[in-house]
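Structural overview
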Amino acid sequence: VRIPVIRELAKKISGTEEAKEFISVLPHDYYEENCLHAFLIERIKDFDGCIAQTERFLPYIDNWAVCDMMSPKVFAKNTDKLLPAIWRWMDRGEVYTVRYAVGMLMRYYLGDAYDKTMSDAVAEVDSSEYYINMMIAWYFATALAKQWDTVIPYLEERKLDRWVHQKTIQKAVESFRITPEQKVYLKSLRYPRK
């Protein structure tokens, strides 16, 4: 089932007893059911209710697509209240829960709400999990586009895992938001090939 069709179904049944019953049952058997679950959570307008349902669902997410697609609108309006939940998720150790936490920091906290302690926390995530490390690289590549002066030292001082460091540079160099001069400099920060 295509994603637009699932989104339309979520829109249609959101707030109904059918939707409440559906999200009360976990785990689901199919990818599309997890997508529908994520889209129903996105439509919850009450912040506390949305956080509760998100925390209940996160341990059952088993792929990057479902993880990355869930972005409740109520979170964007309550970034101050969202941050404690993000810190809890970062500490859980579950692959897609940690990935989700880093993704939330990338989505909502690289603009006016940015604080260097957030990048410090992401840099300190120590994982051998591909899907966590890829999100960390994505976070830092995006952060370079939005907070260059604060974030470039993570690469200059080699504060990231080697693989994450290299992948961050790759993703940043591929970005349209990084200037040509910045790209040249980033390439000079790559680890030499072994």
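The preceding data block contains the structure.
Residues numbered from 1 in each chain as written. Predicted model: local features only at pLDDT ≥ 70, side-chain atom pairs only at ≥ 80, totals over all residues. Heavy atoms only, no water.

Considerations on a nonpolar patch on the surface
- A contiguous nonpolar patch, built from Trp 64, Tyr 130, Tyr 131 and Trp 163 and spanning about 420 Å² of accessible area, is present on the exposed surface.
- Take Trp 163: it is sitting in helix 12 (residues 162-173). (Patch = residues over 30% accessible without salt bridge, like charges linked within 9 Å, V, L, I, M, F, W, Y side chains within 5 Å. Areas by Shrake-Rupley, 256 points an atom, 1.4 Å probe, with all protein chains shown as cover. Salt bridge = Lys/Arg side-chain N within 4 Å of Asp/Glu carboxyl O. Helix = DSSP H or I, 4+ residues; strand = E, 2+ residues; numbered from the N terminus.)

A closer look at the packing of aromatic side chains
- All told, the structure shown has 7 aromatic pairs when counted by the stated rule.
- Seen from their ring centres, Tyr 96 and Tyr 131 are 5.9 Å apart, and the 40° between their planes marks the pair as tilted. Pair noted here: Tyr 96 is in helix 8 (residues 95-108) and Tyr 131 is in helix 10 (residues 130-146), with a separation of 35 residues, a long-range link.
- Measuring from centroid to centroid gives 5.0 Å for Tyr 139 and Phe 140, while their planes differ by 85°, and the two rings are edge-to-face. We note that Tyr 139, like Phe 140, is buried. (Phe/Tyr/Trp six-rings, centres within 6.5 Å; stacked < 30°, edge-to-face > 60°. Buried < 20%, exposed > 50% of the residue type's maximum accessible area, 1.4 Å probe, protein only.)

Describing the pattern of salt bridges
- Going through the model one piece at a time under the given rule, you end up with 7 salt bridges.
- With a shortest N-O distance of 3.0 Å, Glu 42 and Arg 7 are connected by a salt bridge. With Glu 42 in helix 3 (residues 31-42) and Arg 7 in helix 1 (residues 3-13), this residue pair connects regions lying 35 residues apart in the sequence.
- Residue classification places Glu 42 among the buried positions, given a relative accessible area of 14%.
- According to the relative accessible area criterion, Arg 7 is partly exposed, its value standing at 37%.
- Measuring nitrogen to oxygen at the nearest pair gives 3.2 Å for the salt bridge that ties Lys 159 to Glu 157.
- Within this structure, Glu 55, Arg 88 and Arg 92 form a network of salt bridges that share partners.

As far as function goes, none of this settles anything; it's purely spatial.
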